[in-house]
Amino acid sequence: VIVVNDLAHAVPMAKALMAGGIRVLEVTLRTPQGLAAISAIAKEVPEAWVGVGTVRSPQDAQDALNAGARFAVSPGYTSALGHKCRDIGLPLLPGVATSSEIMTAQADGYQQLKFFPAVQAGGLNMLKAWQGPFADVQFCPTGGISMANAAEFLALSNVVCVGGSWLVPAEALQGGQWSLITELAKRATALLP
Ligand code: 3PG
């Protein structure tokens, strides 16, 4: 989960993550540079799988697709967003934090969901509770995930991946500490079996 403030950081940051084995990048729309950063990475680091985060409206999804995003992530879910992404062929990982939101996203055909904000909204216990009624749903928890707890989340049968901002700390990006970002990526990929 990446927040780009300076467009010049986008490509070296993506290369630093790739060098550490992280290939799936969610560049958020939290800054005005987000779309341009996605375009730059899509063009200059084509082996990276770059998507857009913090998508809140159908227009956000369209803009991101036009910029070169290969997938979208949203903090919450609306049917308008779900239908739009389906219509334009942009894979969406919709955010949910309650059972009702899961049911709404499922009704629109989404079975792989982001649990956000994961730690704040119930963490491991919430995911375990959802294994009963939502055995057919797979989750990507984000929000409060770090090296300290990622393995516990990944060990759950209904968790397929995790995400977080810990891989690209704001200070590391600002300071151009590309080797630190590569090192953090290596530590994260070492968590996988
Ligand atoms: C997200 O959008 O997924 C979160 O902001 C990431 O949360 P984190 O900063 O706690 O990793």
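Residues numbered from 1 in each chain as written. Predicted model: local features only at pLDDT ≥ 70, side-chain atom pairs only at ≥ 80, totals over all residues. Heavy atoms only, no water.

Asker: Just to check I follow, could you spell out the site of the ligand for this structure?
Answerer: The environment of the ligand is formed by Val1, Arg30, Lys114, Phe116, Thr142, Gly143, Gly144, Gly164 and Ser165. Between Arg30 and the ligand, the recorded distance is 2.5 Å, taken from a side-chain N or O atom to an oxygen atom. Within the side chain of Lys114, one N or O atom sits 3.0 Å away from an oxygen atom of the ligand. In isolation the ligand has 310 Å² of accessible area, and contact with the protein removes 80% of it. Class assignment of the residues belonging to the shell around the ligand gives a composition of 2 nonpolar, 5 polar and 2 charged. (Near = heavy atom within 4 Å. Polar contact = N/O pair within 3.5 Å; in protein donor to acceptor, adjacent residues only side chain to side chain. Areas by Shrake-Rupley, 256 points an atom, 1.4 Å probe, with all protein chains shown as cover. Nonpolar A, V, L, I, M, F, W, Y, C, P; charged D, E, K, R; others polar.)

Asker: Looking at this model, I keep getting lost on the pattern of salt bridges. Mind explaining?
Answerer: When the charged atoms of two side chains with opposite charge come close together, those side chains can pair. Tallied over the entire structure, the rule returns 1 salt bridge. Taking the shortest distance from any N to any O, the salt bridge between Glu183 and Arg187 comes out at 3.5 Å. A residue pair is termed a helical-turn pair when its members lie 3 or 4 positions apart in one helix, as Glu183 and Arg187 do in helix 9 (residues 178–189) at 4 residues. Residue classification places Glu183 among the partly exposed residues on the basis of a relative accessible area of 34%. Since its relative accessible area comes to 42%, Arg187 is described here as partly exposed. (Salt bridge = Lys/Arg side-chain N within 4 Å of Asp/Glu carboxyl O. Helix = DSSP H or I, 4+ residues; strand = E, 2+ residues; numbered from the N terminus. Buried < 20%, exposed > 50% of the residue type's maximum accessible area, 1.4 Å probe, protein only.)

Asker: Looking at this structure, I do not really get the environment of Gly95. What am I missing?
Answerer: Within the secondary structure, Gly95 is located in strand 5 (residues 95–96). Of the residues examined, Gly95 reaches a relative accessible area of 0% and is grouped as buried. Between the alpha carbons of Gly95 and Asn5 there is a distance of 24 Å; along the sequence they are 90 residues apart. The contact partners of Gly95, leaving out residues within four places of it in the chain, are Ser74, Pro75, Gly76, Tyr77 and Lys114. (Contact = heavy atoms within 4.5 Å.)

Asker: Would you mind showing me how to read the packing of aromatic side chains here?
Answerer: How two aromatic rings sit relative to each other is set out by the distance from centre to centre and by the angle between their planes. Per the counting criterion, the structure on display carries 3 aromatic pairs. Between Trp130 and Phe139, the ring centres sit 5.1 Å apart and the planes meet at 20 degrees, which makes this aromatic pair stacked. Like Trp130, the residue Phe139 is buried in the burial classification. Among the aromatic residues, those joined into a ring-pair cluster are Phe115, Trp130 and Phe139. Above the plane of the ring of Trp49 lies Arg70, whose end atom (NZ or CZ) is 3.5 Å from the centre. Residue placement shows Lys114 over the ring face of Phe116; its charged tip is 4.5 Å from the ring centre. (Phe/Tyr/Trp six-rings, centres within 6.5 Å; stacked < 30°, edge-to-face > 60°. Lys NZ or Arg CZ within 6 Å of the ring centre and 35° of its normal.)

Asker: I'm lost on the nonpolar core in this one. Help?
Answerer: Within soluble globular proteins, side chains that are nonpolar tend to cluster in buried spots. Met13, Leu17, Leu25, Ile41 and Phe139 are the most contacted members of the largest nonpolar core, which totals 57 residues. Ranked by residue count, the leading element in this core is helix 1 (residues 10–19), at 7 residues. Not counting residues up to four positions away in its chain, the partners in contact with Phe139 are Val96, Ile102, Leu113, Phe115, Leu127, Trp130, Asn158, Val159, Val160 and Cys161. (Core = buried A, V, L, I, M, F, W, Y, C linked by side-chain atoms within 4.5 Å.)

Asker: What's the story with unusual backbone geometry in this structure? I'm lost.
Answerer: In most cases, non-glycine residues show a negative phi, while peptide bonds are predominantly trans. In this chain, Phe116 is followed by Pro117 through a cis amide linkage whose omega measures -10 degrees. For Pro117, the position within the fold is in the loop between strand 6 (112–115) and helix 6 (123–130). For Thr54, which is not glycine, the phi dihedral falls at a positive 60 degrees. Within the element layout of this structure, Thr54 appears in the loop between strand 2 (49–53) and helix 3 (58–67).

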